[in-house]
Amino acid sequence: MEIFTTIGQYCDFFGKLLLHPLVSVVEFNNADQVREATINWGFYAMFLKETKGCVINYGKTEYDFDAMSVVCIGPGQTTKISKVPNGTEPPRSIGLLFHPDLLFRTSLAGKISRYTFFSYESYEALHLDENERQLVTDIFNHIQNELSCQPDQFSRQLTVSNIELLLDYCLRFYSRQFDIRKPLNDGIMSRFESLLDDYIHSSEISELGIPNVKYFADKVALSPNYFGDLVKRSTGQTAQEYIHRKLLSHAKLQLLQGTKNVTEIAYSLGFQYPQHFIRFFKNKVGVTPRQFITQHE
């Protein structure tokens, strides 16, 4: 495994010119430039793949880049890059690499967590139309031109501003992609709803505890961040809020049925301790479970 904590290490490995230690634009134009490697990333990377020709594996999932797609990688992720078989079209791509230290004391430092696509899986890549591809390419070129100029007091801020602009456009394009895939996403949401109901009514909830987002993301074969963004897009709530709302609905129903006491309901809904359930219920409803029962007698 190649562990790249700096952009300089990446550029040395792939034979690319380093214009700045914290940010770089790299291009791959022929098959000889692609080296097989398993990489652990210490910085952010965004690759626009213009033609098929490179395979990246995230875990057991393999993804062949098609024309005009963007894959984003965040610090701490591990990817495997493989050469394609001889005789196939050589890869062409352009990539933006930027280190978290570049963002220090900039407005983007406080916003970077909102760009959740850096934790998406490779098969959840962003696919662009021609106009979108041109816009992304233009921003890459702006950053490249800025890095090629003699640095001055404006260089860092202009570079970071262009990166933020690129990230904001990717948010817009992903929003469009979610809309285009609405029929598929509706199917995923329906499956999520069914899985959640089954979990709550099964013995799993008392054995495994309160369901979390990763559990259901794994069930529908999506990354937790992509799944969370899909749920947010579809319902207006975070995936965790949606799960909590469902738990609350079941808790209210059981309280009003009167067949179980508060402790039994707490354990049946996956809470390790009854006081945790009482605190959860009061935080969501504004009254304790017993007060809720009294109000509905």
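Attention here is on the structure that accompanies the text. (Residues numbered from 1 in each chain as written. Predicted model: local features only at pLDDT ≥ 70, side-chain atom pairs only at ≥ 80, totals over all residues. Heavy atoms only, no water.)

## Structural notes on the packing of aromatic side chains
Thinking step 1. Overall, the coordinates contain 30 aromatic pairs when judged by the stated rule.
Thinking step 2. Through a chain of ring-to-ring contacts, three or more aromatic side chains come together here, namely Y44, F98, Y115, F117, F118, Y120, Y174, F178 and Y226.
Thinking step 3. Positioned over the ring face of F28 is K16, at 4.5 Å from the centre of the ring. (Phe/Tyr/Trp six-rings, centres within 6.5 Å; stacked < 30°, edge-to-face > 60°. Lys NZ or Arg CZ within 6 Å of the ring centre and 35° of its normal.)

## Quick notes on the environment of P211
Thinking step 1. Of note, P211 is situated in the loop between α5 (204-208) and α6 (213-219).
Thinking step 2. Along the sequence, P211 and L196 sit 15 residues apart, while their C-alpha atoms lie 8.1 Å from each other. (Helix = DSSP H or I, 4+ residues; strand = E, 2+ residues; numbered from the N terminus.)

## Structural notes on the sheet that holds strand β9 (residues 93-98)
Thinking step 1. Here five strands make up an open sheet; going across it, the order is β2-β9-β4-β7-β10 and the pairing antiparallel. At either end of the open sheet lies a strand with only one pairing partner, and these are β2 (23-28) and β10 (126-127).
Thinking step 2. As paired strands, strand β4 (residues 44-49) and β9 are joined by six bridges and run antiparallel to one another. Paired with K49 across the bridge in β9 is S93. (Pairing = 2+ DSSP bridges.)

## A word on the nonpolar core
One broad rule of soluble globular proteins: the nonpolar side chains tend to lie buried together.
Thinking step 1. By size, the foremost hydrophobic cluster in this structure holds 68 residues, and its most contacted members are L96, F98, F118, F227 and F277.
Thinking step 2. The element that contributes the greatest number of residues to this core is helix α3 (residues 155-180), accounting for eight residues.
Thinking step 3. Excluding anything up to four places from it in sequence, F227 contacts F192, V213, F216, A217, V220, L222 and A239.
Thinking step 4. Ranked by size, the runner-up nonpolar core spans 19 residues in total, among them Y10, F13, F43 and I73. (Core = buried A, V, L, I, M, F, W, Y, C linked by side-chain atoms within 4.5 Å. Buried < 20%, exposed > 50% of the residue type's maximum accessible area, 1.4 Å probe, protein only. Contact = heavy atoms within 4.5 Å.)

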